[in-house]
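# Per-entry structural report
For reference, the chains in residue letters:
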Amino acid sequence: MTGRQTVYLTRDVPQEGIDRLEEECEVVVWEEKTAPPHDTLVEELAECEAAALFCTVSDVVDAEVLDASPALEVVGTMSVGYDHVDLEAAAERDIPVGYTPGVLSETTADFGWALLMAAARRVTEADHYVHDGEWETWGPKILLGRDVFDATLGVVGLGSIGTAFARRAAGFDMDVCYTATEPKEECEAELAEYGIDAEFCELDDLLERSDYVSLHVPLDDETAGLIGEHELDLMGEDAVLVNTARGEVVDTDALEAALEEDRIRHAALDVTDPEPLPADHSLLDYAPEKLTIAPHIGSASVETRTEMAVMTADNILAGLRGEPMPNSATENAGVEE
Ligand code: NAP
């Protein structure tokens, strides 16, 4: 025994994060492709007497997990979203929870635009078209998409990612409107530097006006099911919905009905409810014509995932030393420890 504390990782993450932890701790990594099932996670934490849990969005960190190891002092999630961690239960046990804000905003905004552009210009369909041997000639009416430049962009949630996403609209000369819990003067000022006059409006108004609607709110009681039948109806038949936030922000049944009845043109999703989406899920019947879909890879660049792993390690190490975490979800959510 080294006497060093043990950090349990639910995934094999970029090595730089593991190296950082190994400078001060023992590290146990769950090496499987999928996250440990809940009961297995509880057993694993107990078995290695983990002092810290390094988790991701795929893990449900509830009271049972927090109680699994009597030695558990700290949780660090390698994500900016923390809806999968019971912060109150952690605080009741004096377990601080770290997260990774800011570092993945640009990368996620990039991917949101990849989805938006793919939907607008039918990139996935075009790729299938060529691979399927259908490309016999140039055709004046083949795979017509819709323009992005000069269109109206509606950003739902003008926070870190929403602002990074909106900033990219400058190159497309788009009109930009947004919703948030209140007008975001700092974000507006940042966007103004890029020539974007972002207008704060109510959600219904935004949905009616926008050709492209992009979701960037966190998942909480207020935002679960935020986009349902009424909201999709307001969007209209030419509108595109992009979701890089959380699957539960959109009512999946209502979305399927809207796609079925051509009440919106296209949905481009990085996140789904449920997640992962089973291969036989009825939503997939709409791909690729009406649906572009990705397996929650918004932050999946080498650079960003490496930075996220190191940030998570730094949060955990600070917590284990009894120091304030550089990035505390507990504090950000206003949960009293
Ligand atoms: P953030 O900086 O906290 O921004 C969230 C924004 O949403 C804030 O402006 C917030 O306003 C606003 N908001 C909250 N509740 C709202 C409501 N009910 N109606 C309208 N606006 C509301 O968070 P972020 O870093 O941009 O991340 C946003 C979310 O993206 C994360 O929580 C995560 O779930 C998701 N995400 C996904 C991926 C991916 O891989 N696809 C990657 C990173 C993040 P206030 O500040 O006034 O509350």
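Here's what I pulled together on the structure shown here. (Residues numbered from 1 in each chain as written. Predicted model: local features only at pLDDT ≥ 70, side-chain atom pairs only at ≥ 80, totals over all residues. Heavy atoms only, no water.)

### With respect to the packing of aromatic side chains
A full pass over the atoms with the stated rule returns four aromatic pairs. Taking the centre distance of 5.3 Å and the plane angle of 75 degrees together, the rings of Tyr82 and Tyr99 count as edge-to-face. Taken together, the residues span a long stretch of sequence, with Tyr82 in the loop between strand 4 (74–77) and helix 4 (87–92) and Tyr99 in the loop between strand 5 (97–98) and helix 5 (105–121) at a distance of 17 residues. When sorted by exposure, Tyr82 lands in the same class as Tyr99, which is buried. Among the aromatic residues, ring-to-ring pairing joins Trp113, Phe165 and Phe172 into one connected group. In this arrangement the basic side chain of Arg167 is found over the ring face of Tyr194, its NZ or CZ atom lying 5.5 Å from the centre. (Phe/Tyr/Trp six-rings, centres within 6.5 Å; stacked < 30°, edge-to-face > 60°. Helix = DSSP H or I, 4+ residues; strand = E, 2+ residues; numbered from the N terminus. Buried < 20%, exposed > 50% of the residue type's maximum accessible area, 1.4 Å probe, protein only. Lys NZ or Arg CZ within 6 Å of the ring centre and 35° of its normal.)

### Here we look at the pairing of strand 1 (residues 6–9)
Along strand 1, one buried face is formed by Thr6 and Tyr8 and the opposite face, lined by Val7 and Leu9, is buried too. For the crossover from strand 1 across helix 1 (residues 15–22) to strand 2 (residues 26–29), the handedness is right-handed. Both strand 1 and strand 3 (residues 52–55) contribute to a ladder of three bridges, which runs parallel. Bridge assignment links Tyr8 to a residue of strand 3, and that residue is Leu53. (Right-handed = clockwise from strand over helix to strand, strands pointing away. Pairing = 2+ DSSP bridges.)

### Points about the sheet that holds strand 4
On the basis of which strands lie adjacent, the open sheet formed by five strands has the order 2-1-3-4-5 and parallel pairing. Each edge of the open sheet carries a strand with a single partner, namely strand 2 and strand 5. Bridge analysis of strand 4 against strand 5 gives two bridges, and the strand direction is parallel. Looking at the pairing, Val75 lines up with Val97 of strand 5. In the packing of helix 1 onto the sheet, contacts are made with strand 1, strand 2 and strand 3, and the angle to strand 2 comes to roughly 145 degrees. (Contact = heavy atoms within 4.5 Å. Axes fitted to C-alpha atoms, helices over the stretch in contact; angles between N-to-C directions.)

### Examining the environment of His281
Note on placement: His281 falls in the loop between strand 11 (266–269) and strand 12 (291–293). The contact partners of His281, leaving out residues within four places of it in the chain, are Thr252, Glu256 and Pro274. Within polar-contact distance, the side chain of His281 engages the backbone nitrogen of Leu283 at 3.0 Å. (Polar contact = N/O pair within 3.5 Å; in protein donor to acceptor, adjacent residues only side chain to side chain.)

### Comments concerning the site of the ligand
In the vicinity of the ligand lie 25 residues, with Ser160, Ile161, Thr181, Lys184 and Asp270 positioned nearest. Contact between the ligand and Gly159: an oxygen atom at 3.2 Å from a main-chain N or O atom of the residue. Between the ligand and the protein, one listed contact pairs an oxygen atom with a side-chain N or O atom of Lys184 at 2.5 Å. Tallied by class, the residues present in the shell around the ligand amount to nine nonpolar, 12 polar and four charged. (Near = heavy atom within 4 Å. Nonpolar A, V, L, I, M, F, W, Y, C, P; charged D, E, K, R; others polar.)

### A closer look at the sheet that holds strand 12
Strand order in the open sheet formed by seven strands is 8-7-6-9-10-11-12, and the pairing between neighbours is parallel. Strands with a single pairing partner mark the edges of an open sheet, and in this sheet they are strand 8 (199–200) and strand 12. Note: strand 7 (residues 175–179) against strand 8, two bridges, orientation parallel. Bridge assignment links Cys177 to a residue of strand 8, and that residue is Glu199. Running over the sheet, helix 7 (residues 160–167) touches strand 6 (152–156), strand 7 and strand 9 (212–215) and is turned about 170 degrees from strand 6.

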